[in-house]
Protein chains: 2
Amino acid sequence: MSGTAATPSAHTFDLRPVGYLIGLLVTCLGATMLVPFAVDLVVGNGQWPVFLQSAVLTMLVGGLAALACASGNTGRLGLQQTFLLTTGVWVALPIFGAIPFVLGPPDATVTDAFFEAMSGLTTTGSTVFSGLDSLPAGVLLWRSMMQWFGGIGIVVVAMVFLPELRIGGMQIFRTEAFDTLGKILPRAAEIASQISWIYVIITFACFLTYIAVGMSGFDAINHALTTVSTGGFSTTDSSFGAFQGAPEYVASVFMLLASLPFVRYVQLIAGQARPIFRDSQIHAYLAIIASFTIVLAVFQMWVDEFAVEPSLREAVFNVTSIISGTGYASVNYQLWGGFAMVAFFVLGLIGGCAGSTSCSVKVFRYQILLSAISVQIRRIHAPHGVFAPRFEDRRVTPEVLSSVMAFFVLFIVSMGVLAVALGLTGLDMVTSLSGAATAIGNVGPGLGPIIGPSGYFGPLNDTAKWLLIAGMLVGRLELMAVYVLFTSAFWKI
Amino acid sequence: MSGTAATPSAHTFDLRPVGYLIGLLVTCLGATMLVPFAVDLVVGNGQWPVFLQSAVLTMLVGGLAALACASGNTGRLGLQQTFLLTTGVWVALPIFGAIPFVLGPPDATVTDAFFEAMSGLTTTGSTVFSGLDSLPAGVLLWRSMMQWFGGIGIVVVAMVFLPELRIGGMQIFRTEAFDTLGKILPRAAEIASQISWIYVIITFACFLTYIAVGMSGFDAINHALTTVSTGGFSTTDSSFGAFQGAPEYVASVFMLLASLPFVRYVQLIAGQARPIFRDSQIHAYLAIIASFTIVLAVFQMWVDEFAVEPSLREAVFNVTSIISGTGYASVNYQLWGGFAMVAFFVLGLIGGCAGSTSCSVKVFRYQILLSAISVQIRRIHAPHGVFAPRFEDRRVTPEVLSSVMAFFVLFIVSMGVLAVALGLTGLDMVTSLSGAATAIGNVGPGLGPIIGPSGYFGPLNDTAKWLLIAGMLVGRLELMAVYVLFTSAFWKI
Ligand SMILES: [K+]
Ligand SMILES: [K+]
């Protein structure tokens, strides 16, 4: 602060750049609230003042915060600042995103509103609101928009911030196409602009296809926003149950596209078609989807004597929905029996590909872990042999491996702790376990009588809701990025 | 075989030493069947021919196998032979241990008999038999005896074989008190004899204390055998529900003693009292038991308005029973609500200390994993720092760490695969998940309407039983020791 001698403290603990960037993002979020404002104004449902007030309030606070912190140097974000920025964004944006839910219909409590906004911006898609069909158009659109922002945000974080912060083995993707070895913010901006175009194009393609298979314009835009972000919010309480048939196939395709590594699309556009077809993570992901789909479909035909087409369709749609972390449900698959429930529980713990909008453990980590186990086995056989686990034909360094393993252990332990805590609030075992998994994995629906695919999170008690909010945040930022803030080592210079 | 030139093949794939040792152990098992034979003869219940026939048959087959393989060289067991021996023992002994259940009451099917014997020798303690109270004394005693043999067997395996085979990070215990750097079999024999005395003494003390608190002689001997082995078979369908009060405290103490590292007792007898009191694994284990006990007891007093003493007693007894992997139940703790169910599910996934009769992940692995995660966090903060996870004031080598992590991943993935497979046989989700956990963790009771603490495994279909048999075997031998046999690398020279 003084600035006479060396100024290391100004560099390490200057929170102004963090505040400035968060302030800017909050201001942007406020500006986007003018979209639902305009929609409600056009529809004429009288709810437009809610979004106007929210937009003004949000832009005002965000703008003032940015101004107050504008003197900071954003050119050289340190490690600690980058960590604080990442978590700070996903705490600040939901606070402001929740305002419209409190000011107008559904006139939610602070807990419910923050839950819904966190569920939106983390692309979890668990909802505490029921009677969605009777909510104002602006509110529905705002929920979908938050998911869409959360989706593009997490792709940028996964491609730039997490590799830089060495979180969960994401550093393995550091030398990917984008590594220009520049400063973190210019690189983030560059990638964000490239990815954003792809994101917009896929969303638009999804929207048009939904229209083509018969969805209304409003349903199509909302579901396009929540499909491509693998968010899973819907415009009706029955989720995709209201759109059975062709829309399920469309959704399956776009949920799949949204859960592939976005860097491959950039390469594809640049004329490199090989990478996307030779990506072993994509191969493994498709193989998992295909096997679960076939087994579930055959199970359905055999046990419940369903016809072939609906069996296959419901299987591929719901499997893709859960493994990609979208979380739409077209049927109450709990009625398919215990096998389906276990299968969907396990699918949610697998997740999509790294560098996409999906969450959970992700396919590449399982690939690395299984490769490490096979190395273990070879080492048992030949104790003095030198083997290294491999991923995509490259050696996995011990640092990446232990980072991936630490992620997996943290994921499982966090799930166990969250499940026990949810149990303490009085929930049954299936709800506690699946609630913990669906929150940390950002999937959306849980299992059991309350939060199952045809239920919602509204009836839970407030303590459970706050626990799930914490779970969603922690899961979205790959655990370690949040946990590190709670260690004393982090706050030391 | 020929022996003219170099004879590597004779050394690497000579199955005779394995066959010889398994044959000897089978013969010994047959000889011990003369105990239930004698008991049934004395009691005069007419079932003694069953055990005489079984004993003769078992000793005959075992003896012939040993004779046929006697020409092998057991002095220098290779790595592959040691692996085959370890798994071979736990496959062969249950086959013969099951014979009495088929030949006489309960006149079980082959599946049920093998399930019960595997559940016994792996010290799992899940039972497919009901109406235990009306079974002949010899049958009940035989079940308890198998658990007792399984318990001492696994202590020796955990102290000698697994460290030597580098399974699941157990190599960290290689330099413990016993490492005489000798050949594996002499060392095994030496440790077995030392440990056996301690095991017998603890069992006898347990037996006397059970008598002192009012158990009948027969109940006391059976429960002493299954307490000290953390096996959990009982003589009644109501398990420890039939012995509420003082016996629960006695059982808690001895289940705890049985799940501590046995090497500490050897040191204690040799006059070294410090190690047992300074063992960080024991400290962590006691802390976990204490916290779960207090929370569950308070929960009981608060929610169900139970009195203080029974709340504390039921909490400490059932928590110790599940975390140690014994699996006695004194009440249907599923009635305590969702929190209790999740808590007991999680407890079963923790397990006792390494080098004891208990199974599951075990405390030392969680200690190493958490230490590795804290290293990860420090590395994020200082990317170029050199940190190593620690256990008991020693650095954990990367090899041990990756071995522990591989174990944890295999444990969770195996549980997921087994749960999905159990679901496919038509079981509900809670039964599938808890069944997979209780089998691989060798705990005993599951959760849900069928295999819960007041239920039994009899009503399951045969496919589910065989899946659980595989789970028990794989879990007891720390997964990798069995899985390695299914890799092609293992069978190459
Ligand atoms: K989702
Ligand atoms: K047990």
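Residues numbered from 1 in each chain as written. Chains lettered and ligands numbered in written order. Predicted model: local features only at pLDDT ≥ 70, side-chain atom pairs only at ≥ 80, totals over all residues. Heavy atoms only, no water.

Participant: Explain the layout of surface pockets residue by residue, including any values.
Facilitator: Space inside the largest pocket adds up to approximately 1,200 Å³. For the lining of the largest pocket, the elements supplying multiple residues, two or more each, are α14 (280–303), α16 (338–348), α17 (363–381) and α18 (398–424) of chain A together with α14 (280–303), α16 (338–348), α17 (363–381) and α18 (398–424) of chain B. Examining the composition of the lining of the largest pocket, we find that nine residues originate from one element, α18 of chain A, more than from any other. Taken together, the residues of the lining of the largest pocket sort by class into 38 nonpolar, four polar and no charged. (1 Å grid on protein atoms, 1.4 Å probe; cavity = no way out; pocket = protein on both sides within 12 Å on 5 of 7 lines; lining within 4 Å. Points joined across faces, edges and corners; volume = space filled by probe spheres on them. Helix = DSSP H or I, 4+ residues; strand = E, 2+ residues; numbered from the N terminus. Nonpolar A, V, L, I, M, F, W, Y, C, P; charged D, E, K, R; others polar.)

Participant: Residue-level account of the interface of chain A and chain B, with values.
Facilitator: You'll often see interface size given as the accessible area lost when the parts meet. Of the residues lining the interface, 52 residues belong to chain A; the matching set on chain B comes to 52 residues. Between chain A and chain B, a total of about 4,600 Å² is buried, with carbon and sulfur atoms accounting for 85% of that surface. Per-residue buried area on chain A facing chain B is highest for Ile380, His381 and Met429 of chain A; these three make up 16% of the total on that side. Joining chain A to chain B, the criterion identifies zero salt bridges. Run the count over chain A and chain B and you get two residue pairs in polar contact (both at pLDDT 80 or more). Of the residues belonging to the side of chain A that touches chain B, the class tally is 37 nonpolar, 10 polar and five charged. (Contact = heavy atoms within 4.5 Å. Buried area = accessible area lost by both parts, 1.4 Å probe. Salt bridge = Lys/Arg side-chain N within 4 Å of Asp/Glu carboxyl O. Polar contact = N/O pair within 3.5 Å; in protein donor to acceptor, adjacent residues only side chain to side chain.)

Participant: Mind laying out the coordination of the potassium ion (ligand 2), listing which residues take part and the relevant values?
Facilitator: Tetrahedral coordination by four donors sets the ideal angle at the metal to 109.5 degrees; octahedral coordination by six donors sets it to 90 or 180 degrees. Residue and element names in this part refer to chain B. Around the potassium ion (ligand 2), the donor atoms from the protein are Thr123 (O), Thr124 (O), Thr230 (O), Gly231 (O), Gly325 (O), Thr326 (O), Asn442 (O) and Val443 (O), and they sit 2.2 to 3.0 Å away. Written as a sequence motif, the donor arrangement for the potassium ion (ligand 2) is T-T-x105-T-G-x93-G-T-x115-N-V. In this structure, Thr123 and Thr124 share a single accessibility class: buried. (Donors = N, O, S within 2.8 Å, 3.2 Å for Na, K, Ca; no water. Buried < 20%, exposed > 50% of the residue type's maximum accessible area, 1.4 Å probe, protein only.)

Participant: Which residues make up a nonpolar patch on the surface, and what values do they have?
Facilitator: All names here are of chain A. A surface patch of nonpolar side chains, about 390 Å² in accessible area, is lined by Leu34, Leu41, Trp48, Leu52 and Val56. Of all elements in the fold, only α3 (34–43) and α4 (48–68) reach the threshold of two or more residues within the nonpolar patch. Element by element, the count of residues in the nonpolar patch is highest for α4, at three residues. Mapped onto the elements, Leu34 comes out in helix α3. (Patch = residues over 30% accessible without salt bridge, like charges linked within 9 Å, V, L, I, M, F, W, Y side chains within 5 Å. Areas by Shrake-Rupley, 256 points an atom, 1.4 Å probe, with all protein chains shown as cover.)

Participant: Mind laying out the environment of Glu314 of chain B, listing which residues take part and the relevant values?
Facilitator: Residues and elements named next belong to chain B. The topology assignment puts Glu314 in helix α15 (residues 308–323). Taking the relative accessible area as the measure of exposure, Glu314 reaches 8% and is therefore buried. Setting aside residues up to four positions removed in sequence, Glu314 forms contacts with Gln244, Glu248, Ser330, Val331 and Trp336. In terms of polar contacts, Glu314 uses its side chain to reach the side chain of Gln244, at 3.5 Å.

Participant: Before we move on, can you summarise the side chain of Arg264 of chain B with the specific residues and values?
Facilitator: All names here are of chain B. Relative to the elements of secondary structure, Arg264 occurs in helix α12 (residues 262–269). Residue Arg264 is classed as buried on the basis of its relative accessible area of 9%. Only 2.8 Å separates the side chain of Arg264 from the side chain of Gln267, close enough to count as a polar contact.

Participant: Mind laying out the relation of the copies chain A and chain B, listing which residues take part and the relevant values?
Facilitator: With an axial shift of 0.0 Å and an RMSD of 0.0 Å, the rotation relating chain A to chain B amounts to 180°. Classification of the inter-copy transformation places it as that of a two-fold axis. Most of the interface of chain A is mirrored in chain B, where 100% of its interface residues again form contacts. (Least-squares fit on C-alpha atoms with pLDDT ≥ 70 in both.)

Participant: Describe the coordination of the potassium ion (ligand 1), naming the residues involved and giving the relevant values.
Facilitator: Residue and element names in this part refer to chain A. The protein atoms that coordinate the potassium ion (ligand 1) are Thr123 (O), Thr124 (O), Thr230 (O), Gly231 (O), Gly325 (O), Thr326 (O), Asn442 (O) and Val443 (O), at distances spanning 2.2 to 2.9 Å. Donor residues for the potassium ion (ligand 1) sit on one chain with the sequence pattern T-T-x105-T-G-x93-G-T-x115-N-V. In this pair, Gly231 sits in the loop between α10 (217–228) and α11 (246–258) while Gly325 sits in the loop between α15 (308–323) and α16, placing the two residues 94 residues apart along the sequence. A residue is classified by how much of its surface remains accessible, and Gly325, at 4% relative accessible area, is buried.

Participant: So, the UniProt feature "binding site: K(+)" (unreviewed entry) in chain A: which residues are in play, and what are the values?
Facilitator: Residues and elements named next belong to chain A. The UniProt record annotates "binding site: K(+)" (unreviewed entry) at Thr123, Thr124, Gly231, Thr326, Asn442 and Val443. For this annotated set, covering 321 residues, all C-alpha atoms fall within 8.3 Å of each other, a compact arrangement in space. Overall, the relative accessible area of 0% leaves Gly231 in the buried class. Residues in contact with Gly231, not counting those within four places in the same chain, are Thr123, Thr124, Gly125, Gln147, Thr226, Thr326 and Val443. Relative accessible area serves as the criterion here: at 0%, Thr326 is assigned to the buried category. (UniProt positions renumbered as here; feature names shortened; annotations may be inferred.)

Participant: How would you sum up the packing of aromatic side chains? Please name residues and give values.
Facilitator: Aromatic rings considered in pairs are described by the distance between their centres and by the relative angle of their planes. What the rule picks out here adds up to 49 aromatic pairs over all chains. Here the aromatic rings of Phe262 of chain A and Tyr265 of chain A are separated by 5.5 Å at their centres, their planes lie at 80°, and the arrangement is edge-to-face. Residue Phe262 of chain A and its partner Tyr265 of chain A are located together in helix α12 (residues 262–269), separated by three residues, close to a single helical turn. Both residues of the pair, Phe262 of chain A and Tyr265 of chain A, count as buried. Ring centres of Tyr366 of chain B and Phe408 of chain B lie 6.0 Å apart, and the angle between their planes is 80°; on these two criteria the pair is classed as edge-to-face. Of this pair, Tyr366 of chain B sits in helix α17 while Phe408 of chain B sits in helix α18, and the two are 42 residues apart along the sequence. As far as burial versus exposure is concerned, Tyr366 of chain B and Phe408 of chain B are alike and both buried. Taken together, the aromatic side chains of Trp148, Phe149, Tyr199, Phe262 and Tyr265 of chain A make up a single cluster linked through ring pairs. (Phe/Tyr/Trp six-rings, centres within 6.5 Å; stacked < 30°, edge-to-face > 60°.)

Participant: Describe α15 of chain A, naming the residues involved and giving the relevant values.
Facilitator: Every α-helix carries 3.6 residues per turn, so stepping three or four residues along brings you back to the same face. For α15 of chain A, with 16 residues, the first-to-last C-alpha span of 22 Å sits near the 22 Å given by 1.5 Å per residue. Of the positions making up α15 of chain A, those classed as buried are Ser311, Arg313, Glu314, Ala315, Phe317, Asn318, Val319, Thr320, Ser321, Ile322 and Ile323 of chain A. (Expected span 1.5 Å × (residues − 1).)

Participant: Any chance you could break down the pattern of salt bridges for me, citing the residues and the numbers?
Facilitator: Scanning the model with the defined rule gives 20 salt bridges over all chains in all. The partner of Arg365 of chain A in a salt bridge is Glu478 of chain A, and the shortest N-O contact between them spans 2.4 Å. You can see Arg365 of chain A sitting in helix α17 and its partner Glu478 of chain A sitting in the loop between α20 (462–476) and α21 (480–483), a full 113 residues away along the chain. Arg365 of chain A sits in the buried class, given a relative accessible area of 0%. As a salt-bridge pair, Glu309 of chain B and Arg313 of chain B come within 2.9 Å of each other at their nearest N and O atoms. Of this pair, Glu309 of chain B and Arg313 of chain B both sit in helix α15, separated by four residues, roughly a single helical turn.

Participant: I'd love a proper account of unusual backbone geometry, names of residues and values included.
Facilitator: With the exception of glycine, the majority of residues adopt a negative phi angle, and the majority of peptide bonds are in the trans configuration. The omega angle of the peptide bond from Pro105 of chain A to Pro106 of chain A is 10°, so this bond is cis rather than trans. Of note, Asp107 of chain B is a non-glycine position whose phi angle comes to about 45°, a positive value. Within the secondary structure, Asp107 of chain B is located in the loop between α6 (99–103) and α7 (110–121). When its relative accessible area of 52% is taken as the criterion, Asp107 of chain B is described as exposed. Even without being a glycine, Ser239 of chain B presents a positive backbone phi close to 50°. With respect to the helices, strands and loops of the structure, Ser239 of chain B is situated in the loop between α10 (217–228) and α11 (246–258). Taking the relative accessible area as the measure of exposure, Ser239 of chain B reaches 10% and is therefore buried.

Participant: Give me the lowdown on the environment of Gly337 of chain B, citing residues and values where you can.
Facilitator: With respect to the helices and strands, the residue Gly337 of chain B is situated in the loop between α15 and α16. Each C-alpha atom of the pair Gly337 of chain B and Asp304 of chain B lies 10.0 Å from the other, and the pair is 33 residues apart in sequence.

Participant: Please give an account of α12 of chain A that cites residues and values.
Facilitator: Residues and elements named next belong to chain A. Of all eight residues that make up α12, six are buried, and the element is covered over most of its length. Buried residues of α12: Phe262, Val263, Arg264, Tyr265, Val266 and Gln267, and no others. Just beyond α12, the residue with positive phi is Gly271, at close to 90°.

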